[in-house]
Amino acid sequence: MDFLNWLGSMPGAAAQGLIWGIMAIGVYITFKILDLADLTVDGSMVTGMATCAMLMTAGWNVWAAMGVALVAGMFAGLITGFFHTFFKIPAILAGILTQLILWSANLKIMGKANQALPARSFDVLITQLRKYESLVYLFVICVVLVAVLYWFFGTRYGMSIRATGCNEKMSRAQGINTSFNKVVGLAISNGIVAFSGALLAQYSGKADISDGRGAIVIGLAAVIIGEAVVSKMGQNFVIRLTGVIVGGIIYYVVYQTVIFFGLDTDLLKMLSAIVVAIFLAFPEMKRRFFSKKTVIKNKEAA
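Source: prediction; values computed, not measured.

A closer look at the overall build of the chain
- From N to C terminus, the chain includes 12 helices and two strands.
- The secondary structure elements of the chain, listed N-terminal to C-terminal, are α-α-α-α-β-α-α-α-α-α-β-α-α-α.
- Across the 302 residues that make up the chain, the buried fraction comes to 46%.

Details of the side chain of Thr-178
- Relative to the helices and strands, Thr-178 resides in helix H9 (residues 178-204).
- We classify Thr-178 as buried; its relative accessible area is 3%.
- Excluding residues that lie within four positions of it along the chain, Thr-178 makes contacts with Thr-164, Glu-168, Ser-171 and Arg-172.

As for the pattern of salt bridges
- Applying the stated criterion across every chain yields a total of four salt bridges.
- Residue Asp-211 pairs with Lys-206 through a salt bridge whose shortest N-O separation is 3.3 Å.
- A relative accessible area of 23% places Asp-211 in the partly exposed class.
- It is possible to trace a salt-bridge network through shared partners that takes in Glu-168, Arg-172 and Lys-182.

Describing the packing of helix H6 (residues 134-152) against helix H11 (residues 237-260)
- Their axes nearest at 10 Å, the elements H6 and H11 cross at an angle of 145°. Every pair of crossing elements has a handedness; the one defined by H6 and H11 is right-handed. Here Cys-142, Val-146, Leu-149 and Tyr-150 of H6 come into contact with H11, specifically with Phe-237, Val-238, Leu-241, Thr-242 and Ile-245.

A closer look at the packing of H6 against H9
- At a minimum axis separation of 13 Å, H6 and H9 run at an interaxial angle of 175°. Here H9 runs roughly antiparallel to H6, going by the angle between their axes. For the pair formed by H6 and H9, the contact residues are Leu-138, Ile-141, Leu-145, Leu-149 and Phe-152 on the first element and Ile-188, Ile-192, Phe-195 and Leu-199 on the second.
- Counted by class, the contact of H6 with H9 contains nine nonpolar, no polar and no charged residues.

Thoughts on the side chain of Ser-171
- With respect to the secondary-structure elements, Ser-171 resides in helix H8 (residues 168-173).
- Leave out the neighbours within four places in its chain, and Ser-171 touches Ala-163, Thr-164, Ile-176 and Thr-178.

Notes on the packing of aromatic side chains
- Within the structure shown, the criterion is met by 11 aromatic pairs.
- Ring centres 6.5 Å apart and planes at 40° place the aromatic pair Phe-83 and Phe-87 in the tilted group.
- On the basis of relative accessibility, which here comes to 17%, the residue Phe-83 falls in the buried class.
- Considering the side-chain rings of Phe-86 and Phe-87, the 5.1 Å spacing of their centres and the 85° angle between planes classify their relative orientation as edge-to-face.
- With relative accessibility at 56%, the residue Phe-86 sits in the exposed group.

Some words on a nonpolar patch on the surface
- A contiguous nonpolar surface patch, about 700 Å² in accessible area, is contributed by Val-136, Phe-139, Val-140, Val-143, Val-144, Val-148 and Trp-151.
- Inspection of the secondary structure assignment puts Val-148 in helix H6.

Quick look at unusual backbone geometry
- A positive phi angle, near 60°, is found at Asp-35, a position not held by glycine.
- Turning to its location among the elements, Asp-35 is positioned in the loop between helix H1 (2-33) and helix H2 (41-57).
- Even without being a glycine, Lys-88 presents a positive backbone phi close to 60°.
- Here Lys-88 shows up in the loop between helix H3 (62-85) and helix H4 (91-110).
- Classification of Lys-88 as exposed rests on a relative accessible area of 61%.

Details of H4
- Over its 20 residues, H4 extends 28 Å from the first C-alpha to the last, a length consistent with the 28 Å expected when each residue adds 1.5 Å.
- Every buried residue belonging to H4 is among Ala-91, Ala-94, Gly-95, Thr-98, Leu-102, Asn-106 and Met-110, and all of these are buried.
- Phi for Gly-111, located one or two positions after H4, is positive at around 80°.

Comments concerning the environment of Leu-145
- Relative to the elements of secondary structure, Leu-145 occurs in helix H6.
- Residues Leu-145 and Ile-25, spaced 120 residues apart in sequence, show a C-alpha to C-alpha distance of 9.3 Å.
- Once residues lying within four places of it in the same chain are set aside, the contact partners of Leu-145 are Ile-22, Ile-25 and Ile-192.

Thresholds, definitions, all that
Residues numbered from 1 in each chain as written. Predicted model: local features only at pLDDT ≥ 70, side-chain atom pairs only at ≥ 80, totals over all residues. Heavy atoms only, no water. Helix = DSSP H or I, 4+ residues; strand = E, 2+ residues; numbered from the N terminus. Buried < 20%, exposed > 50% of the residue type's maximum accessible area, 1.4 Å probe, protein only. Contact = heavy atoms within 4.5 Å. Salt bridge = Lys/Arg side-chain N within 4 Å of Asp/Glu carboxyl O. Axes fitted to C-alpha atoms, helices over the stretch in contact; angles between N-to-C directions. Left-handed = near helix turned anticlockwise from the far one by under 90°. Parallel < 35°, antiparallel > 145°, perpendicular 65-115°, else oblique. Nonpolar A, V, L, I, M, F, W, Y, C, P; charged D, E, K, R; others polar. Phe/Tyr/Trp six-rings, centres within 6.5 Å; stacked < 30°, edge-to-face > 60°. Patch = residues over 30% accessible without salt bridge, like charges linked within 9 Å, V, L, I, M, F, W, Y side chains within 5 Å. Areas by Shrake-Rupley, 256 points an atom, 1.4 Å probe, with all protein chains shown as cover. Expected span 1.5 Å × (residues − 1).

Pasting the structure below:
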């Protein structure tokens, strides 16, 4: 019976994993493509939730509400990019500053610490996200998002953004405006994060000022787990983006399993941080310990 109950909780875990996988794609753009540590996402995700919740409460169409949420997230990314490129504030500090600004902005958007979506504002999208069909619906959104990003980063301008993250000095030598590319990349990243926040608000039926706390850790966990899963499948951009989404699903399936078997929920954030630390440290540990064993074996064989 316990197994059946656990199995019954998996669709919900997978649905949340897809939503957070979308958020993790935003993290991937800054962390892997731009090579920037951006902490704006803890705030921009709540901005997406708050904007979508308030607009839907006011009677807006769900797609229009999500579109405005995406634009609001992009504006948050622009602020971080402006701090970083114009004032030369380190990216991690620029993200923290924007995150603090967004905390107050999100409170003003909602008018209070949390905002529930009234039942009368639920339309077709909300209804679907409340059922098993949400998996199909979210899967389609993920496919469309990956396809659009694959197309964009395959264009000449998209390649220049990727070049900025790979080698900023060389990119500038080739005449690429790296500062502008960083701002655009941060805007796209936080727009996607806010879009995922809009989906999460609909799934949970509310927006709360604290919902984005620790989002960067979950995003990094999804990115790192996803890379570990698809690393043997190749370095194709589509595979890597898909891996990020798969990482989000794996994270939430494990998360749900841990909750189901009674782990103290107060320890979940610590568990997330430990998982991220292990995956981040693994390449260095592999270089230090396993490479030495390989060298010794080769010497003995010779």
